[in-house]
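Residue strings, one per chain:
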Amino acid sequence: AQSVTQLGSHVSVSEGALVLLRCNYSSSVPPYLFWYVQYPNQGLQLLLKYTSAATLVKGINGFEAEFKKSETSFHLTKPSAHMSDAAEYFCAVSLRDDKIIFGKGTRLHILP
Amino acid sequence: SQTIHQWPATLVQPVGSPLSLECTVEGTSNPNLYWYRQAAGRGLQLLFYSVGIGQISSEVPQNLSASRPQDRQFILSSKKLLLSDSGFYLCAWSVLGLPGNTIYFGEGSWLTVV
């Protein structure tokens, strides 16, 4: 069965620094992969998704993620953190059915 | 455009009382529908998903149930709430039969069982 592991339940970066949120997946077939963001007391919004086209996926708000099959990873990055990026981020995986499985989430803190 | 509505937004219920959370989707037909629960430190847990009217798949055995009485309506229920049912409940939808398609979330419902 597919699964998703997000390394680090909390990550802190300084404003202007690189953001790196880690996600590893387990799947026996090529998966679809997603990153979602959740602001306090709100639902989740899609940041970006990988669907077997380009391995480097660009999303909203300057975020991007790279699919690395050899490492079974789909890490999320942003070159320069902004205070408004403080939120919880979820990595998710989907196979050929309609179920999407989410990781436990990583809360991103931005330090002034 | 498609929209998803979920209510109530917040709910405080005593242990042993019933629960009903409702979700409707507008602007699309025959969607996949989902109920997730988000508890502190546990991420998002898929509770139920539905690919059509009356078709419900349960992912986690518990005292909750789901129903889909209409194409775009999804209801989460319980006959007797437990303290452990507290959490943030999210309804979501996606396009049926399109693997890898985006899943769209409602704004969520906070349930506190006291």
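Preceding this paragraph is the structure being described.
Presented here is a report on the structure given in the accompanying data block. (Residues numbered from 1 in each chain as written. Chains lettered and ligands numbered in written order. Predicted model: local features only at pLDDT ≥ 70, side-chain atom pairs only at ≥ 80, totals over all residues. Heavy atoms only, no water.)

Further remarks concern the overall build of chain B. Within chain B one finds 0 helices and 11 strands. Along chain B, from the amino end to the carboxyl end, the secondary structure elements read β-β-β-β-β-β-β-β-β-β-β. Its C-alpha radius of gyration of 13 Å places chain B within 12% of the 13 Å reference for a compact globule of 114 residues. In terms of principal-axis extent, the alpha carbons of chain B reach across some 40 × 25 × 25 Å. By residue count, 47% of the 114 residues in chain B fall in the buried class. Here the contacts in chain B between residues at least 6 apart in sequence split such that 54% fall between residues at least 24 apart. Carbon and sulfur atoms form 55% of the exposed surface of chain B, whose accessible area is close to 5200 Å². Considering chain B, the positive charge centre built from 6 side chains and the negative charge centre built from 6 side chains are found 10 Å apart. (Helix = DSSP H or I, 4+ residues; strand = E, 2+ residues; numbered from the N terminus. Rg over C-alpha atoms; globule rule 2.2 N^0.38 Å. Buried < 20%, exposed > 50% of the residue type's maximum accessible area, 1.4 Å probe, protein only. Contact = heavy atoms within 4.5 Å. Areas by Shrake-Rupley, 256 points an atom, 1.4 Å probe, with all protein chains shown as cover. Lys, Arg positive; Asp, Glu negative; His and termini not counted. Charge placed at Lys NZ, Arg CZ, Asp CG, Glu CD.)

On to the packing of aromatic side chains. For the coordinates displayed, the defined rule picks out 16 aromatic pairs over all chains. Taking 6.2 Å as the distance between ring centres and 25° as the angle between the ring planes, the aromatic pair formed by Trp35 of chain B and Phe74 of chain B counts as stacked. Placement of Trp35 of chain B in strand β4 (residues 32-39) and of Phe74 of chain B in strand β8 (residues 73-78) is noted, with a sequence separation of 39 residues between them. Accessibility expressed as a relative area gives 0% for Trp35 of chain B, which makes it buried. One aromatic cluster in this structure is built from Phe34, Tyr36, Phe90 and Phe102 of chain A together with Tyr34, Tyr36, Tyr49 and Phe105 of chain B. (Phe/Tyr/Trp six-rings, centres within 6.5 Å; stacked < 30°, edge-to-face > 60°.)

Residue and element names in this part refer to chain A. Enumeration over the complete set of coordinates arrives at 5 salt bridges over all chains. Between Asp85 and Lys78 there is a salt bridge, with its nearest N and O atoms 2.8 Å apart. Neither Asp85 nor Lys78 differs from the other in exposure class; each is buried. (Salt bridge = Lys/Arg side-chain N within 4 Å of Asp/Glu carboxyl O.)

What follows deals with the interface of chain A and chain B. Listed by partner, the interface residues are 23 residues for chain A and 26 residues for chain B. With both chains or domains summed, chain A and chain B bury close to 1800 Å², and 53% of this area falls on carbon and sulfur atoms. Applying the counting rule to chain A against chain B returns 0 salt bridges. For the pair chain A and chain B, the interface holds 4 residue pairs in polar contact (both at pLDDT 80 or more). A per-element tally of the side of chain A that touches chain B places strand β4 (residues 32-38) of chain A first, with 4 residues. Looking at the side of chain A that touches chain B residue by residue, the classes come out as 9 nonpolar, 7 polar and 7 charged. (Buried area = accessible area lost by both parts, 1.4 Å probe. Polar contact = N/O pair within 3.5 Å; in protein donor to acceptor, adjacent residues only side chain to side chain. Nonpolar A, V, L, I, M, F, W, Y, C, P; charged D, E, K, R; others polar.)

Let us now look at the sheet that holds strand β6 (residues 56-58) of chain A. All names here are of chain A. The strand order β1-β3-β8-β7-β6 describes an open sheet built from 5 strands, whose pairing is antiparallel. One side of each edge strand has no neighbouring strand; the edge strands of this open sheet are β1 (3-7) and β6. Each strand axis lies, on average, 20° off the axis of its neighbour in the sheet, ignoring direction. As defined by bridge partners, strand β3 (residues 19-26) adjoins strand β8 (residues 73-78) across 4 bridges and the pair is classed as antiparallel. When the sheet's bridge partners are listed, Val19 is paired in β8 with Lys78. (Pairing = 2+ DSSP bridges. Axes fitted to C-alpha atoms, helices over the stretch in contact; angles between N-to-C directions.)

Moving on, we come to the pairing of β8 of chain B. Residues and elements named next belong to chain B. The buried fraction of β8 is high, at 5 of 6 residues. Direction of pairing for strand β3 (residues 19-26) relative to β8: antiparallel, over a ladder of 6 bridges. Bridged to Cys23 within β8 is Phe74. Relative to β8, strand β7 (residues 64-70) runs antiparallel, the two being bridged by 5 bridges. Opposite Leu64, over in β8, you have Ser78 as the bridge partner. Linking β7 back to β8 in an antiparallel pair, the connection comprises 2 residues.

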